[in-house]
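# Secondary and tertiary structure notes
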Amino acid sequence: MNMTPVTRQEVLGLYRKIFRIAKKWQSASGQVEETLKEKDYIKKEAKTLFRKNKDVTDPKLIKQCIEECEARIEIGLHYNIPYPRPIHLPPMGLAHKQGRTFRQQEKLRKISKPIYLKSHDEIS
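Residues numbered from 1 in each chain as written. Predicted model: local features only at pLDDT ≥ 70, side-chain atom pairs only at ≥ 80, totals over all residues. Heavy atoms only, no water.

## Considerations on the confidence of the model for the chain
Note the following rule: Confidence per residue, as judged by the predictor, is encoded in pLDDT with a range of 0 to 100. By the criteria applied, helices consist of DSSP H or I runs no shorter than four residues and strands consist of E runs no shorter than two, each listed in order from the N terminus.
Confidence in the prediction of the chain, expressed as mean pLDDT, is 82, and 67% of residues score 70 or more. Taken element by element, the predicted model of the chain shows its lowest mean pLDDT in helix α5 (residues 120–123) (57) and its highest in helix α2 (residues 32–52) (95).

Put into structure tokens, the structure is as follows:
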């Protein structure tokens, strides 16, 4: 792993932060069953994504993963939901131009995807 010691500490700090959040997590409904389900989701999601990205060596990609992680933490805490907030775009809802094909629409959708959803489709 070609991470600088500072980057390594930042990544490990984020990992620990996620597990501290999971430990203290309380679901919006307040129901014990829902809280346990959400805590489990937070832990599984963190383990899955961190393991998936453990061999990333490109500094730009590492930075992007860190930014995604921070964004998902902030959004989760703000809205009190551990799941990624979906974006709502109709299938052909991006700017229309004559002759625009579905493939071009998909490319635009991928480009316009928020940072906190970049890895979500890859693991789900």
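Let us keep going from here.
## A short note on the packing of helix α1 (residues 5–24) against α2
When two helices pack together, their arrangement is given by the angle between the helix axes and the distance between those axes. Rules: Structural elements are reduced to axes, namely lines fitted to C-alpha atoms, with helices fitted over the stretch in contact, and the angle between N-to-C directions of any two is expressed from 0 to 180 degrees. Roughly parallel refers to an angle under 35 degrees, roughly antiparallel to one over 145, roughly perpendicular to one between 65 and 115, and oblique to any angle outside these ranges. A crossing counts as left-handed when the near helix is turned anticlockwise from the far one by less than a right angle, and as right-handed when that turn is clockwise. Here, residues are in contact when the closest pair of their heavy atoms is within 4.5 Å. Classes in brief: Ala, Val, Leu, Ile, Met, Phe, Trp, Tyr, Cys and Pro nonpolar; Asp, Glu, Lys and Arg charged; the others, Gly included, polar.
At their nearest, the axes of α1 and α2 sit 8 Å apart, and the two run at 165° to each other. Here α2 runs roughly antiparallel to α1, going by the angle between their axes. For the pair α1 and α2, the sense of crossing is left-handed. From α1, V11, L14, Y15, I18, F19, A22 and K23 reach across to α2, where they touch K39, I42, K43, A46, K47 and F50. When grouped by side-chain class, the residues that make up the contact of α1 with α2 number nine nonpolar, no polar and four charged.

## With respect to the side chain of K39
So the rule is basically this: Burial classification: accessible surface area is computed with a 1.4 Å probe over protein chains only, and a residue below 20% of its type maximum counts as buried, one above 50% as exposed, and the rest as partly exposed. Think of it this way: Lys and Arg go in the positive column, Asp and Glu in the negative one, and His and the chain ends go nowhere. Note on definitions: salt bridges are taken to be side-chain nitrogens of Lys or Arg within 4 Å of carboxyl oxygens of Asp or Glu.
Relative to the assigned elements, K39 resides in helix α2. Although K39 is buried, it forms no salt bridge, and the closest oppositely charged side chain is E38 at an N-O distance of 9.8 Å. Here K39 is in contact with A22, K23 and W25, once residues within four sequence places are set aside.

## Considerations on the packing of aromatic side chains
Rules: Within 6.5 Å between ring centres, the rings of Phe, Tyr and Trp (the latter by its six-membered ring) count as paired, and their orientation is classed by plane angle as stacked under 30 degrees, edge-to-face over 60, tilted in between.
Counted under the stated rule, the structure contains three aromatic pairs. Geometrically, the ring pair formed by Y15 and F19 is tilted, given 4.9 Å between the ring centres and 55° between the ring planes. You can see Y15 and its partner F19 sitting in helix α1, four residues apart, about one turn around the helix. Residue classification places F19 among the partly exposed positions, given a relative accessible area of 23%. Pairing Y41 with Y83 gives two aromatic rings, centres 4.6 Å apart and planes at 55°, and the pair type is tilted. Highlighted residues: Y41 in helix α2 and Y83 in the loop between α3 (59–79) and α4 (102–112), separated in sequence by 42 residues.

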